[in-house]
Amino acid sequence: MSEAVTATAAPTAVRLPPAPRIPKALQAVAFTISRRRAVERLVRRYGNIFTINLPVYGPAVVVADTQMAKQIFTTSPEDLGNIQPNLSRLLGSGSVFALDGDDHRGRRRLLAPPFHGKSVKNYVNIIEEETLRETVGWPEGKEFASLPSMMRITLNVILRAVFGAGGAELDELRRIIPPWVTLGSRLAALPKPARTYGRYSPWGRLAEWRRKYDVVIDKLIADERADPHFEERTDILALMLRSRYEDGSPMSRKDIGDELLTLLAAGHETTAATLGWAFERLRRHPDVLAALVAEADTDDNELRQATILEVQRARTVIDFAGRHVYAPVFELGGWVIPRGYSILVSIAQIHANPDAFPDPDHFDPKRYIGTKPSTFAWIPFGGGTRRCVGAAFANMEMDVVLRTVLWHFTIETTTAPGEKWHARGVAFTPTNGGRIVVHRRNR
Ligand code: HEM
């Protein structure tokens, strides 16, 4: 080390938050069986910040405190960067999930316009159409799981919003994407082998789906470019093909493929899981449900928006937002965390903070009537420079799906206990798929 460096202030000594005194292998088992319950227990035992050692992520500090979350989300990405490894292991090195620093900033600037609050209004009709198309086949008076329907609606919506049209290629994507996302999100938290071990191994199957996906994307790109109205198209693929980085260069073919896959994967299961939970909650809260049905007959949506906020708080589908310490040390709440550690903000635990959300176990949309939740206490979309790109899109989609369903159906209420959490890999869904019983409304 040079003398000049030695002469500067001595580096702050590392001081890690408390760590459970159980072997790494046992911590891994507890996390694999139920990371939700494991974190709940550790927060009860050690408080709002503790250290763990995880498979894949290695040493990590888990944070369940609103003020600390604020500090993490507002720290420069040069000091606290992208969690390693991340979903780009599945989505490709051209995905926004893979990028850091200037590359990430540039890509976010490029992705922002189609996901802006105003642009997403272009997709309202698509969402309404897809909801009607799916729900026309719903059985009356017979219990069924709402989640598979929500998965189909959100996949069709994102496919149409991204590619702007239907056709054989979209049918092929409709066939490939769901099993790919399901398997991919299960593999996301597992170590990736150096080789795929053949076409029928899980990683081999992902590679095969990717090959098929690339064939479809090439065809869709060629079709878009050949469209005489290409310059006026508002679908996300057209916007990507036309977009330029600050230096005037376009996105590469590989980056477009990786990014489209990212939007399809990130935008579909998360939104469907939240909608599944919305039905699960509403069936068990007759007063909220009745008020929502009355509101759906008006142009108002204050209660529906409050309900979406509360479902996202009380039934958080993505439980962590992760960062990686790039600075020599990162000081947080009196602790000093060294470079190379992961920091995992426990979204689910922060949503259970009684100071921010009195009686947090109680499902109560009225908490947000006339007031907005605080930016760093209500964080289902994460925060800071990596906050979810699709937040406005997801919010509008959930609003339109709920409005359309409530307009056309009554939902039977139940006194049955709430459904438990099921870890699908990345997202948490209701164990029984958000079961409902519906009847068509006479209009
Ligand atoms: C209810 C639905 C959704 C939830 C709960 C959700 C949640 C999240 C969370 C927690 C993150 C990580 C944020 C962070 O690290 O601070 C994220 C990132 C992301 N989400 Fe979403 N999301 C949803 C819907 C969508 C939709 C509809 C899209 C796109 C169409 C989308 C695209 C993305 C992308 C591209 C990122 C990566 C952002 C980056 O790394 O810069 N998400 N989302």
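You'll find the structure just up there.
All residue numbers refer to position in the chain's written sequence, counted from 1. Thresholds applied to this predicted model are a pLDDT of at least 70 for local features of residues and 80 or more for the giving and counting of side-chain atom pairs; totals over whole chains, interfaces and linings are not thresholded and use all residues. Heavy atoms from the whole structure form the basis of all side-chain values; hydrogens and water molecules are not counted.

Thoughts on empty space enclosed by the protein
- Within this scheme a cavity is a closed region of a 1 Å grid, computed over the protein atoms alone, that accommodates a 1.4 Å probe without allowing it to escape, whereas a pocket is open but has protein on both sides within 12 Å along at least five of seven lines; lining residues each have an atom within 4 Å of a point. Grid points are joined across faces, edges and corners, and a volume is the space filled by probe spheres set on the points. Per the stated rule, a full pass over the model turns up one cavity of 30 Å³ or more.
- Taken as a whole, the largest cavity holds about 90 Å³ of empty space.
- Lining the largest cavity we find 15 residues, and of these Thr 75, Pro 77, Leu 80, Arg 323 and Thr 385 sit closest to its centre.
- Broken down by secondary-structure element, the contributors of at least two residues to the lining of the largest cavity are helix 3 (66-74) and strand 3 (80-82). Comment: elements are numbered from the N terminus, with helices defined as DSSP H or I runs of at least four residues and strands as E runs of at least two.

Things to note about the site of the ligand
- Nearness is defined per residue: one heavy atom within 4 Å of the molecule or strand is enough. In the vicinity of the ligand lie 29 residues, with His 104, Arg 108, Arg 323, Gly 383 and Cys 388 positioned nearest.
- Definition of a polar contact: a pair of N or O atoms within 3.5 Å, with one able to donate and the other able to accept a hydrogen when the atoms are protein atoms, and with sequence-neighbouring residues admitted only if both atoms are side-chain atoms. One of the side-chain nitrogen or oxygen atoms of Arg 108 is found 2.7 Å away from an oxygen atom of the ligand.
- At 2.8 Å, a side-chain N or O of Arg 323 approaches an oxygen atom of the ligand.
- Considering each element in turn, the shell around the ligand owes the most residues, six residues, to helix 12 (residues 253-282).

Regarding the coordination of the iron atom of the ligand
- For Na, K and Ca the donor cut-off is 3.2 Å, while for other metals it is 2.8 Å, and in both cases only N, O and S atoms qualify; water is not among them, so sites may look incomplete. Coordination of the iron atom of the ligand by the protein involves just one donor, Cys 388 (SG), at a distance of 2.3 Å.
- Topologically, Cys 388 is positioned in the loop between helix 15 (347-350) and helix 16 (391-408).

A few points about the packing of helix 7 (residues 124-135) against helix 8 (residues 147-163)
- Fitted lines through C-alpha atoms serve as axes, helices being fitted only where they are in contact, and the angles separating the N-to-C directions of these axes extend from 0 to 180 degrees. The contact between helix 7 and helix 8 brings their axes to 9 Å, and the two run at 145°. In this structure, helix 7 meets helix 8 at a crossing whose hand is right-handed. Contacts between helix 7 and helix 8 pair Ile 126, Ile 127, Glu 129, Glu 130, Thr 131, Arg 133 and Glu 134 from the former with Ser 149, Arg 152, Ile 153, Asn 156, Val 157, Arg 160 and Ala 161 from the latter.
- Throughout, the ten residues Ala, Val, Leu, Ile, Met, Phe, Trp, Tyr, Cys and Pro are labelled nonpolar, Asp, Glu, Lys and Arg are labelled charged, and all others, Gly among them, are labelled polar. Tallied by class, the residues present in the contact of helix 7 with helix 8 amount to five nonpolar, three polar and six charged. Handedness of a crossing is defined here by the sense of rotation of the near helix relative to the far one, left-handed for an anticlockwise turn of less than a right angle and right-handed for a clockwise turn. In this analysis, two residues are considered to be in contact whenever any of their non-hydrogen atoms come within 4.5 Å of each other.

Focus on the side chain of Asp 319
- Within the secondary structure, Asp 319 sits in the loop between helix 14 (302-314) and strand 5 (320-325).
- Exposure is judged per residue with a 1.4 Å probe applied to protein chains only, and the accessible area is read against the type maximum: over 50% gives exposed, under 20% gives buried, and values in between give partly exposed. Take Asp 319: its relative accessible area is 7%, and that puts it in the buried class.
- A polar side-chain atom of Asp 319 sits 2.8 Å from a polar atom in the side chain of Arg 35.
- Apart from the residues within four sequence positions on either side, Asp 319 is in contact with Arg 35, Arg 36, Val 345, Ser 346, Ile 347, Ala 348 and Phe 428.

Looking at the environment of Leu 282
- Structurally, Leu 282 can be placed in helix 12.
- Counting along the chain gives 130 residues from Leu 282 to Glu 412, while the straight-line C-alpha distance between them is 9.4 Å.
- Beyond its immediate chain neighbours, meaning those up to four positions away, Leu 282 contacts Val 288, Leu 289, Leu 292 and Thr 307.

Topic: helix 13 (residues 286-296)
- Along helix 13, the residues classified as buried are Val 288, Leu 289, Leu 292, Val 293, Glu 295 and Ala 296. Down the axis of helix 13, the buried set is contained in an arc of 160°. They therefore lie on one face.
- Elements that come into contact with the buried residues of helix 13 comprise helix 12, helix 14, helix 16 and strand 9 (409-411). Throughout, the arc means that of the directions going from the helix axis to the C-beta atoms.

Some thoughts on the layout of surface pockets
- Volume-wise, the second largest pocket comes out at about 560 Å³.
- Taken together, 24 residues form the lining of the second largest pocket, with Gln 305, Leu 309, Lys 372, Trp 378 and Asn 395 sitting closest to its centre.
- Considering each element in turn, the lining of the second largest pocket owes the most residues, five residues, to helix 14.
- Residue composition of the lining of the second largest pocket, grouped by class: 12 nonpolar, nine polar and three charged.

Some details on the packing of helix 8 against helix 9 (residues 168-187)
- Closest axis-to-axis distance for the helix 8/helix 9 pair is 11 Å, and the angle between their directions is 130°. Of the possible angle classes, the one that applies to helix 8 and helix 9 is oblique. When you trace helix 8 past helix 9, the crossing you get is right-handed. In this structure, helix 8 contributes Leu 155, Asn 156, Leu 159 and Phe 163 to the contact, and helix 9 contributes Leu 170, Leu 173, Arg 174, Ile 177 and Pro 178.
- Across the contact of helix 8 with helix 9, the residue classes tally to seven nonpolar, one polar and one charged. Each angle receives one of four descriptions, namely roughly parallel if under 35 degrees, roughly antiparallel if over 145, roughly perpendicular if within 65 to 115, and oblique otherwise.

Some remarks on the sheet that holds strand 1 (residues 49-54)
- The five strands lie next to each other as 1-2-8-5-3, forming an open sheet whose pairing is mixed. If you trace the sheet from one side to the other, it starts and ends with strand 1 and strand 3, each paired once. Each adjacent strand pair in this sheet contributes to an overall mean axis angle of 35°, direction not counted.
- Examined bridge by bridge, strand 5 and strand 8 (residues 342-346) share five bridges and lie antiparallel to one another. Each bridged residue has a counterpart across the sheet, and for Phe 320 the counterpart in strand 8 is Ser 346.
- Against the sheet, helix 2 (residues 24-46) contacts strand 1, strand 2 (58-63), strand 5 and strand 8, and its axis sits at roughly 175° relative to strand 1. Paired strands, as defined in this entry, are two strands with at least two bridges between them according to DSSP.

Some points on the nonpolar core
- Working definition of a nonpolar core: buried Ala, Val, Leu, Ile, Met, Phe, Trp, Tyr and Cys residues. They are joined through side-chain atoms within 4.5 Å. Membership of the largest hydrophobic core comes to 92 residues, with the highest contact counts inside it found for Phe 163, Leu 173, Ile 177, Tyr 213 and Leu 260.
- Ranked by residues supplied to this core, first place goes to helix 12 with 13 residues.
- What Leu 260 contacts, discounting residues up to four positions off in sequence, is Val 162, Phe 163, Tyr 213, Ile 217, Leu 237 and Met 240.
- Grouped together as the second largest cluster of nonpolar side chains are 21 residues, Val 61, Ile 72, Phe 73 and Leu 332 included.

As for a positive patch on the surface
- Together, Arg 37, Arg 41, Arg 44 and Lys 420 line one region of the surface with positive charge.
- Within the secondary structure, Lys 420 is located in the loop between strand 9 and strand 10 (421-423). Nonpolar side chains (Val, Leu, Ile, Met, Phe, Trp, Tyr) within 5 Å and like charges within 9 Å form the patches, drawn only from residues with over 30% relative accessible area and no salt bridge. All accessible areas in this document rest on Shrake-Rupley with a 1.4 Å probe, and a residue is counted as covered only by the protein chains that are shown. Whenever a carboxyl oxygen of Asp or Glu lies within 4 Å of a side-chain nitrogen of Lys or Arg, that contact is scored as a salt bridge. None of His or the chain ends enter the tally, which takes Lys and Arg as positive and Asp and Glu as negative. A single reference atom marks each charge: NZ on Lys, CZ on Arg, CG on Asp, CD on Glu.

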